[in-house]
Amino acid sequence: AQSVTQLDSQVPVFEEAPVELRCNYSSSVSVYLFWYVQYPNQGLQLLLKYLSGSTLVKGINGFEAEFNKSQTSFHLRKPSVHISDTAEYFCAVSEGAGGSYIPTFGRGTSLIVHP
Amino acid sequence: NAGVMQNPRHLVRRRGQEARLRCSPMKGHSHVYWYRQLPEEGLKFMVYLQKENIIDESGMPKERFSAEFPKEGPSILRIQQVVRGDSAAYFCASSPESGRGYEQYFGPGTRLTVT
């Protein structure tokens, strides 16, 4: 079965600074990887996803993530954050053939952007 | 194209009462997933349904919880004889195909409070 670890429960950062939110996964088969964002009192919305191909994936709102198979990681980055990026970020993984199609979500990382 | 709709958005129940949560998937989506989110925790998978079928209920508590997705109408998550520990946000998600490689589209959630 797959699992997801988000290493930081909270990441404070100043506005216009770069940020990286870390995500590691474990799986015995090929994986599909996702990052979702949740604003207060709302549902999750997709930021970006990796299915195959280029390991650098670009998403909405200036976010990007890099799939690193050898390190089983899928870290999320943004070069310059805004106050409006303050939210909860979830990494998720589902498996390819032979594995579980039900996505597993990490516990979330709270990104707090200070002015 | 309307997104995933959930109602009610907020639900207050006394211990021992029943809670019924509704989810209408996006138009054209026939796969529905229910998740529970507790404070400071990530999303926990509960059940995966297709029209008139429960595909995977491995995350559902064995007692008091049930789910359905009838041929017509919304998907319903029912919690009988609620207890304080059932207080959480319940999210519904839909996808056009099975979860493998497909992102999920989330509703705004129902926040259940048991008093």
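In what follows, the accompanying structure is described. (Residues numbered from 1 in each chain as written. Chains lettered and ligands numbered in written order. Predicted model: local features only at pLDDT ≥ 70, side-chain atom pairs only at ≥ 80, totals over all residues. Heavy atoms only, no water.)

Overview of the sheet that holds strand 7 (residues 65-68) of chain B
Residue and element names in this part refer to chain B.
- Reading across from one edge, 1-3-8-7 is the order of the four strands in this open sheet, with antiparallel pairing throughout. Taken across any chain shown, the strands that pair with only one partner, and hence form the sheet edges, are strand 1 (5-7) and strand 7. Geometrically, the sheet is characterised by an average inter-axis angle of 15° between neighbouring strands, direction not taken into account.
- Taken together, the three bridges between strand 1 and strand 3 (residues 19-24) define a ladder with antiparallel strand orientation. Residue pairing across strands places Met 5 opposite Ser 24, the latter belonging to strand 3. (Pairing = 2+ DSSP bridges. Helix = DSSP H or I, 4+ residues; strand = E, 2+ residues; numbered from the N terminus. Axes fitted to C-alpha atoms, helices over the stretch in contact; angles between N-to-C directions.)

Section: the packing of aromatic side chains
- Tallied over the entire structure, the rule returns 11 aromatic pairs over all chains.
- Through a chain of ring-to-ring contacts, three or more aromatic side chains come together here, namely Phe34(A), Tyr36(A), Phe105(A), Tyr35(B), Phe45(B) and Phe106(B). (Phe/Tyr/Trp six-rings, centres within 6.5 Å; stacked < 30°, edge-to-face > 60°.)

Notes on the side chain of His75(A)
- Examined against the element boundaries, His75(A) turns out to sit in strand 9 (residues 73-78).
- Here Cys23(A) takes part through its backbone nitrogen, which lies 3.0 Å from a polar atom of the side chain of His75(A). (Polar contact = N/O pair within 3.5 Å; in protein donor to acceptor, adjacent residues only side chain to side chain.)

Comments concerning the interface of chain B and chain A
- Taken together, the contact pairs 23 residues of chain B with 24 residues of chain A.
- On the surface where chain B and chain A come into contact, there are zero salt bridges.
- Taken together, chain B and chain A are joined by three residue pairs in polar contact (both at pLDDT 80 or more).
- Those elements that provide at least two residues to the side of chain B that touches chain A are strand 4 (31-37), strand 5 (43-50) and strand 6 (53-56) of chain B.
- Its residues assigned to classes, the side of chain B that touches chain A shows 10 nonpolar, six polar and seven charged. (Contact = heavy atoms within 4.5 Å. Salt bridge = Lys/Arg side-chain N within 4 Å of Asp/Glu carboxyl O. Nonpolar A, V, L, I, M, F, W, Y, C, P; charged D, E, K, R; others polar.)

Details of the environment of Tyr89(A)
- With respect to the helices and strands, the residue Tyr89(A) is situated in strand 10 (residues 87-95).
- Considered as a pair, Tyr89(A) and Glu20(A) are 69 residues apart in the sequence and their alpha carbons are 11 Å apart.

Focus on the state of the cysteines
All names here are of chain B.
- In total, this model carries two disulfides over all chains according to the counting rule given.
- Each sulfur of the disulfide joining Cys 23 and Cys 92 lies 1.7 Å from the other. Its torsion about the S-S bond being -50°, the disulfide of Cys 23 and Cys 92 is classed as left-handed. Of the two residues, Cys 23 sits in strand 3 while Cys 92 sits in strand 9 (residues 88-95), which places them 69 residues apart along the sequence. In this structure, Cys 23 and Cys 92 share a single accessibility class: buried. (Disulfide = S-S within 2.5 Å. Buried < 20%, exposed > 50% of the residue type's maximum accessible area, 1.4 Å probe, protein only.)

Examining unusual backbone geometry
- With an omega of -5°, the peptide bond between Asn7(B) and Pro8(B) qualifies as cis.
- Within the secondary structure layout, Pro8(B) lies in the loop between strand 1 and strand 2 (10-13).
- The phi torsion at Glu16(A) lies on the positive side, around 75°, for a residue other than glycine.
- Considering the arrangement of structural elements, one finds Glu16(A) in the loop between strand 2 (10-14) and strand 3 (19-21).
- Note on Glu16(A): relative accessible area 62%, which makes it exposed.
- Residues other than glycine seldom take positive phi values, yet Thr72(A) does so here, at roughly 45°.

Observations regarding the nonpolar core
- By size, the foremost hydrophobic cluster in this structure holds 28 residues, and its most contacted members are Trp35(A), Leu48(A), Leu76(A) and Tyr89(A).
- Elements with a minimum of two residues in this core: strand 2, strand 3, strand 5 (31-38), strand 6 (44-50), strand 8 (64-68), strand 9, strand 10 and strand 12 (109-114) of chain A.
- Each residue touching Leu48(A), except ones within four places of it in the same chain, is listed here: Leu33(A), Phe34(A), Trp35(A), Val57(A), Lys58(A), Gly59(A), Phe63(A), Glu64(A), Ala65(A), Phe74(A) and Leu76(A).
- Counting 23 residues, the second-largest nonpolar core is a separate cluster that includes Cys23(B), Met60(B), Leu77(B) and Cys92(B). (Core = buried A, V, L, I, M, F, W, Y, C linked by side-chain atoms within 4.5 Å.)

Describing the layout of surface pockets
- A volume near 520 Å³ is recorded for the largest pocket.
- Every residue lining the largest pocket is counted, 22 residues in all, and those nearest its centre are Glu88(A), Gln37(B), Pro39(B), Glu40(B) and Glu41(B).
- Counting residues per element, the lining of the largest pocket draws most heavily on strand 10 of chain A, which supplies three residues.
- Here the lining of the largest pocket is built from residues that sort into seven nonpolar, nine polar and six charged. (1 Å grid on protein atoms, 1.4 Å probe; cavity = no way out; pocket = protein on both sides within 12 Å on 5 of 7 lines; lining within 4 Å. Points joined across faces, edges and corners; volume = space filled by probe spheres on them.)

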